[in-house]
Amino acid sequence: MASAFGHAALGATLGKLLLPNQLHRRYWLAAACCAALPDLDALGYKLGVPYASLWGHRGITHSLLAAALVAALGLASRLLSQPDRRPPVGRLALLLFLATASHGLLDAMTTGGLGVAFFSPWDQERYFLGLRPIQVSPIGIKAFFSSQGLRVMASECLWIGVPCLLALALQRLGHRNEADQRPYA
Ligand SMILES: [Zn+2]
């Protein structure tokens, strides 16, 4: 896996890109949580669920089906907002789906472990992307706070942090240009 920090950073970035209004900040946090959520299967790994099985690590919780389910269930969170602060349903569903699905994509770009069962439960094949520059993160908090954890953080800063910051900078630039082109009253 990539680390929870890397996944959450990408999720929050997607939140800001898709729901840029400050009124929707809570959904940036929700997207960060969705992006980290699939690694709940690490609990099963600790309890002895075989890695390569349907419920194993990087199995069904990392699939596109799971991302769609999280998006559908996550729409209920909209009801917690005041009516005038609710984001459009379609955009929120897209955000929650992409944030959750982004988890598998990042894992499929890591240097280790098995691949990701994107199409589980129909296809148990584990997939990697052709580009795999992200150092795989150890499973477990203790193992993370080690020299390997530092290497993972450095790799994620480069391959996740920098692209996220660039995307946010481009969004800001786009908004500034839009504002500049508005006619004066
Ligand atoms: Zn994962």
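Refer to the preceding data block for the structure.
None of the values given here were measured: they were computed from a predicted structure. (Residues numbered from 1 in each chain as written. Predicted model: local features only at pLDDT ≥ 70, side-chain atom pairs only at ≥ 80, totals over all residues.)

K.L.:
Help me understand the overall build of the protein chain, please; the structure alone is not making it clear to me.
P.N.:
A count of helical and extended segments in the protein chain gives seven helices and zero strands. Its helices and strands taken in sequence order, the protein chain reads α-α-α-α-α-α-α from the N to the C terminus. Here the C-alpha radius of gyration of the protein chain, 18 Å, is about what a compact globule of 185 residues would show, namely 16 Å. Along the longest, intermediate and shortest principal axes, the C-alpha atoms of the protein chain span 65 × 35 × 30 Å. Out of the 185 residues in the protein chain, the part that is buried amounts to 37%. Within the protein chain, contacts between residues separated by at least 24 positions form 66% of all contacts whose residues are at least 6 apart in sequence. (Helix = DSSP H or I, 4+ residues; strand = E, 2+ residues; numbered from the N terminus. Rg over C-alpha atoms; globule rule 2.2 N^0.38 Å. Buried ≥ 20, exposed ≤ 12 C-beta atoms within 10 Å, placed from the backbone. Contact = placed C-beta atoms within 7 Å.)

K.L.:
Just to check I follow, could you spell out helix H1 (residues 4-18) for this structure?
P.N.:
Side chains three or four residues apart in an α-helix point the same way, a direct result of the helix having 3.6 residues per turn. Between the first and last C-alpha of H1 there are 21 Å, a value that for 15 residues agrees with the 21 Å anticipated at 1.5 Å per step. Within H1, twelve of the 15 residues are buried, which leaves the element mostly enclosed by the surrounding structure. Within H1 the residues assigned to the buried category are Gly6, His7, Ala8, Ala9, Leu10, Gly11, Ala12, Thr13, Leu14, Gly15, Lys16 and Leu18. Each element contacted by the buried residues of H1 is listed here: helix H2 (25-36), helix H5 (89-107) and helix H7 (147-181). (Expected span 1.5 Å × (residues − 1).)

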